[in-house]
Protein chains: 6
Amino acid sequence: MRLPRILTPRTVAYAHCDLPCGVYDPAQARIEAESIKAIDEKYAANTDPEFRTRALIIKEQRSELVKHHLWVLWTDYFKPPHFEKYPQLHQLFNDATKLAGGGGGTKATTDGSKADELLQKIDEIAKIFWETKQA
Amino acid sequence: MRLPRILTPRTVAYAHCDLPCGVYDPAQARIEAESIKAIDEKYAANTDPEFRTRALIIKEQRSELVKHHLWVLWTDYFKPPHFEKYPQLHQLFNDATKLAGGGGGTKATTDGSKADELLQKIDEIAKIFWETKQA
Amino acid sequence: MRLPRILTPRTVAYAHCDLPCGVYDPAQARIEAESIKAIDEKYAANTDPEFRTRALIIKEQRSELVKHHLWVLWTDYFKPPHFEKYPQLHQLFNDATKLAGGGGGTKATTDGSKADELLQKIDEIAKIFWETKQA
Amino acid sequence: MRLPRILTPRTVAYAHCDLPCGVYDPAQARIEAESIKAIDEKYAANTDPEFRTRALIIKEQRSELVKHHLWVLWTDYFKPPHFEKYPQLHQLFNDATKLAGGGGGTKATTDGSKADELLQKIDEIAKIFWETKQA
Amino acid sequence: MRLPRILTPRTVAYAHCDLPCGVYDPAQARIEAESIKAIDEKYAANTDPEFRTRALIIKEQRSELVKHHLWVLWTDYFKPPHFEKYPQLHQLFNDATKLAGGGGGTKATTDGSKADELLQKIDEIAKIFWETKQA
Amino acid sequence: MRLPRILTPRTVAYAHCDLPCGVYDPAQARIEAESIKAIDEKYAANTDPEFRTRALIIKEQRSELVKHHLWVLWTDYFKPPHFEKYPQLHQLFNDATKLAGGGGGTKATTDGSKADELLQKIDEIAKIFWETKQA
């Protein structure tokens, strides 16, 4: 069982901006990926063709947002020392962004398992991200 | 002293999408508002005119994103029973979005105190949001 | 019977921009809502699946534009004295933007009656808007 | 003296969308051009460097919107018979969109006279537009 | 037979920007039109409804990009002396942008022959463009 | 001496789209980077503050476009076998996108030498790209 987020301390939030302002947060990618997962579930449960077309339109946008947020982290947040310490980072980001794309990723399917894989990759990235913030 | 976020349980993320997918999260607005706050600080500390122009360009965008994320919550997430239970909600959202705008809000100033006010309003909204999620 | 607009004096136009420049006009929302109405009619009259998919894609965008233009009026144009004088304004805007959304609004249906309801709400807003401009 | 718009019949609104839905309205371009004009005036009256930078950022966007709305009319609304009947139309649109651009148009200057010229061209286009709607 | 582009000298690239920076290149429109052509082919070869909906969503965007890139050339790059020397230019651009639109253009069909016509028009424009660059 | 591009065979163009349509072209990134280079030169030659502010606004956008086009190539075009054959690819893309960013890249400076470095990295990527297309 998971605690509702309201019960946990949530005083710090992290964003990105290419000033750079120094504020980043993998939650931005995760939130969109959660949305994709929910869209897949609603798609499976509703065979109305208009609803399904709308679901595909929106899933396309959410997947693009995931890619964008991840690209920003990869290029703007992570620095050479990070890539040295975590040699798997490049591949991890490449895999994750591919998982949100059209060639076998969440854009190309309504099968929720792709969204699950994407969420997992984002969590791996987030784990590393928060380790580097603590360092 | 605040705990680093990595030490807190963060297993659930909430997003928005107008399918609607049912996933929302005030963190999206807060992240952008944190960015505005950081931009204000960097602006104050750096008098280079090119840097300052860039800071204003980016602050304009971040403020717009705050407004957008808040508008989405106000229109898409909150429903009539919420507005009944929290009669201050309309005004709270109107105040918060004005605080991210050009007529006396974070777009119009580099004084970080406006960003602080904005963050406070977002936290008030978030508190109500999470109460309704628990209900 | 309604006169064609060409026969009426149309020398003033109002826009928005968050400088703020002080120029606003509910026509921006109405124009997009009229477009939604026309899309619904064309959708009903044409069963070609490619056409229908395109209609849904475009209706999604137009509905989003309606929401955006209304949000701008609500946050940027209307000021505390307006909300005092027109206590129904908050609810009116919340209803109108919901009517252009995915949870029971024009995004979620091709039934033109939702577009009609939306147009009616926009006209109510426009009436108040022009009253405040005269004041 | 001009009558306030509220006193004139304004029941019909026209939009564009490339379905096409058949709804167009030169007011979309005019509203943005009015905004540019107002920005120029506020720019002249306010020498605060932050305000001026914001004014330039926003004027850039508004000018781009004018160009976009005009391009849509030129390509999507006007048809071969219109261009035959109004042989000056191509040049008129090319001049008008150049007037909203960076090479001597409203993007390149804060001198309000360029905005005036742009508004005049839009009115010429609108006059022809409404003639064709009546035909 | 056409040589692969890798075998030709490709040291110069041209872009647009409304500073104006003076850098333009019809390749931007052509690249998107090639994409439309490829989408049409993939659409014809794949009857999966989800794939087809995605193809229509993306074709809509690519067509809009073609229109945008062409509009930029027509308004920002070409100057009065060009229109004098090439009196067909206005009509050529109007035809080309219509070919990328919804009223009988590439947005409205998945029949690749429209994309072919569009590509041909872009090539006519490119030929004139490069002649003017040499002048 | 370089031949003007008009003299070389340019019949093939390559684009991207996440259908995926299979059409990609590093020229998209290069065109925007050339634009940045030209903006830097115009910035150096013109001390008018309004012009300079506009140059910074536009350079910000062009730099973002470079990053986007490169990210698309890295995630959507290049596949595992490419990364095996060209183990430097990840770093090359990370360096190139950083060079178009705000932390020491073309967003952060008007010194044309950063644009030169960026163009060089794009050419390295293009060289590999075209080798893989021939393979």
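Residues numbered from 1 in each chain as written. Chains lettered and ligands numbered in written order. Predicted model: local features only at pLDDT ≥ 70, side-chain atom pairs only at ≥ 80, totals over all residues. Heavy atoms only, no water.

Examining the overall build of chain A
On a plain count of helices and strands, chain A comes out with five helices and zero strands. Each helix and strand of chain A, ordered N terminal to C terminal, gives the series α-α-α-α-α. For chain A, the residues scored as buried account for 63% of the 135 residues in total. In chain A, the proportion of contacts linking residues at least 24 apart, taken out of those at least 6 apart, comes to 63%. Carbon and sulfur atoms make up 54% of the accessible area of chain A, which totals about 5,100 Å². (Helix = DSSP H or I, 4+ residues; strand = E, 2+ residues; numbered from the N terminus. Buried < 20%, exposed > 50% of the residue type's maximum accessible area, 1.4 Å probe, protein only. Contact = heavy atoms within 4.5 Å. Areas by Shrake-Rupley, 256 points an atom, 1.4 Å probe, with all protein chains shown as cover.)

Concerning the environment of C:Pro20
Position of C:Pro20 among the secondary structure elements: in the segment before helix H1 (27–45). Separated by 56 residues in the primary sequence, C:Pro20 and C:Asp76 have C-alpha atoms spaced 7.9 Å apart. Residues contacting C:Pro20, with those up to four places away along its chain left out, are B:Gly102, B:Gly103 and D:Lys42.

Focus: the packing of aromatic side chains
Under the definition given, this model contains 47 aromatic pairs over all chains. Aromatic pair B:Trp74 and C:Trp74: ring centres 3.7 Å apart, planes at 5°, arrangement stacked. Taken together, the residues B:Trp74 in helix H2 (residues 49–77) and C:Trp74 in helix H2 (residues 49–77) connect one chain to another. Owing to a relative accessible area of 0%, B:Trp74 belongs among the buried residues under this scheme. Ring pairs connect the aromatic residues A:Tyr24, A:Tyr77, A:Phe78, A:Phe83, A:Phe93, A:Phe129 and A:Trp130, which therefore count as one cluster. Positioned above the aromatic ring of B:Tyr43, the side-chain terminus of B:Arg52 is 4.1 Å from the ring centre. (Phe/Tyr/Trp six-rings, centres within 6.5 Å; stacked < 30°, edge-to-face > 60°. Lys NZ or Arg CZ within 6 Å of the ring centre and 35° of its normal.)

Description of the side chain of B:Arg62
Positionally, B:Arg62 belongs in helix H2. Residue class for B:Arg62 comes out buried when judged on its relative accessible area of 9%. If we ignore the near neighbours within four places in the chain, the residues touching B:Arg62 are A:His16, A:Cys17, B:Glu32, B:Ser35, B:Ile36 and B:Ile39.

Some points on the pattern of salt bridges
As enumerated under the stated definition, the model contains 78 salt bridges over all chains in all. Linking A:Lys67 and F:Asp76 is a salt bridge whose minimum nitrogen-to-oxygen distance equals 2.8 Å. You can see A:Lys67 sitting in helix H2 (residues 49–77) and its partner F:Asp76 sitting in helix H2 (residues 49–77), one on each of two chains. Here A:Lys67 and F:Asp76 have matching classes, each one buried. Salt-bridge contacts for D:Glu32 lead to D:Arg62; the nearest nitrogen and oxygen are separated by 2.7 Å. With D:Glu32 in helix H1 (residues 27–45) and D:Arg62 in helix H2 (residues 49–77), the pair connects residues that are 30 residues apart, well separated along the chain. Just as D:Glu32 is buried, D:Arg62 falls in that class too. (Salt bridge = Lys/Arg side-chain N within 4 Å of Asp/Glu carboxyl O.)

Focus: helix H2 (residues 49–77) of chain E
Since there are 3.6 residues in each turn of an α-helix, residues three or four apart along the chain are aligned in direction. Spanning 29 residues, H2(E) covers 41 Å between terminal C-alpha atoms, matching the ideal 42 Å at 1.5 Å per step. Taken across its 29 residues, H2(E) has 23 buried, putting it largely inside the fold. (Expected span 1.5 Å × (residues − 1).)

Let's talk about the interface of chain B and chain D
Facing ten residues of chain B, the contacting portion of chain D comprises five residues. Between chain B and chain D the total buried area reaches about 620 Å² when both faces are included, carbon and sulfur atoms providing 57% of it. It is B:Leu56, B:Ile57 and B:Glu60 in chain B that bury the most area against chain D; as a group they hold 58% of the surface buried on that side. At the junction of chain B with chain D, the criterion picks out one salt bridge. No other element matches the four residues that H2(B) contributes to the side of chain B that touches chain D. Partitioning the side of chain B that touches chain D into residue classes produces four nonpolar, four polar and two charged. (Buried area = accessible area lost by both parts, 1.4 Å probe. Nonpolar A, V, L, I, M, F, W, Y, C, P; charged D, E, K, R; others polar.)

A closer look at the relation of the copies chain B and chain D
When chain B is fitted onto chain D, the two copies agree to an RMSD of 0.0 Å after a turn of 120° and an axial shift of 0.0 Å. This pairing of chains is accounted for by a three-fold axis. When the interface residues of chain B are mapped onto chain D, a mere 20% of them are again interface residues, pointing to distinct binding faces. (Least-squares fit on C-alpha atoms with pLDDT ≥ 70 in both.)

Regarding the environment of A:Asp95
As for its position among the elements, A:Asp95 is in helix H4 (residues 89–99). Residue A:Asp95 is classed as partly exposed on the basis of its relative accessible area of 27%.

Let's talk about the environment of B:Ala33
Here B:Ala33 is to be found in helix H1 (residues 27–45). Along the chain, B:Ala33 and B:Leu19 lie 14 residues apart, while their C-alpha atoms are 26 Å from each other.

Brief notes about the packing of H4(A) against helix H4 (residues 89–99) of chain F
Interhelical geometry of H4(A) versus H4(F) gives an angle of 80° and a closest axis separation of 10 Å. It follows from the interaxial angle that H4(A) and H4(F) lie roughly perpendicular. Along its contact with H4(A), which presents A:His90, A:Gln91 and A:Asn94, the element H4(F) presents F:His90, F:Gln91 and F:Asn94. Its residues placed into classes, the contact of H4(A) with H4(F) shows no nonpolar, six polar and no charged. (Axes fitted to C-alpha atoms, helices over the stretch in contact; angles between N-to-C directions. Parallel < 35°, antiparallel > 145°, perpendicular 65-115°, else oblique.)

Focus: the layout of surface pockets
In this model, the largest pocket occupies a volume close to 380 Å³. Lining the largest pocket are 18 residues; nearest its centre among them are B:Pro49, B:Thr53, D:Thr53, F:Pro49 and F:Thr53. If you list the elements that add at least two residues to the lining of the largest pocket, you get H2 of chain B, H2 of chain D together with H2 of chain F. In terms of residue class, the lining of the largest pocket is made up of nine nonpolar, three polar and six charged. Each pocket or cavity is described by its volume, and for the second largest pocket that value is around 310 Å³. Lining the second largest pocket are 18 residues, with A:Pro49, A:Thr53, C:Pro49, C:Thr53 and E:Thr53 sitting closest to its centre. Within the residue set of the lining of the second largest pocket, elements represented by two or more residues are H2 of chain A, H2 of chain C together with H2 of chain E. (1 Å grid on protein atoms, 1.4 Å probe; cavity = no way out; pocket = protein on both sides within 12 Å on 5 of 7 lines; lining within 4 Å. Points joined across faces, edges and corners; volume = space filled by probe spheres on them.)

Observations regarding the packing of H2(C) against H2(E)
Interaxial distance between H2(C) and H2(E) falls to 10 Å at its minimum, and their mutual angle equals 60°. Between H2(C) and H2(E), the angle is such that the two are oblique. As for how H2(C) packs across H2(E), the hand of that crossing is right-handed. Mapping the contact onto sequence places C:Glu50, C:Thr53, C:Arg54, C:Ile57 and C:Ile58 in H2(C) and E:Thr53, E:Leu56, E:Ile57 and E:Glu60 in H2(E). Of the residues in the contact of H2(C) with H2(E), the class split is four nonpolar, two polar and three charged. (Left-handed = near helix turned anticlockwise from the far one by under 90°.)

Some thoughts on the confidence of the model for chain A
Per-residue pLDDT for chain A has a mean of 89; in total, 89% of the residues score no lower than 70. Our summary of model confidence lists the complex with pTM equal to 0.91 and ipTM equal to 0.90. (pLDDT = per-residue confidence, 0-100.)

Points about the state of the cysteines
Using the criterion set out here, one finds zero disulfides over all chains in the structure. For the unlinked cysteine B:Cys21, the closest cysteine sulfur is that of B:Cys17, found at 3.6 Å. (Disulfide = S-S within 2.5 Å.)

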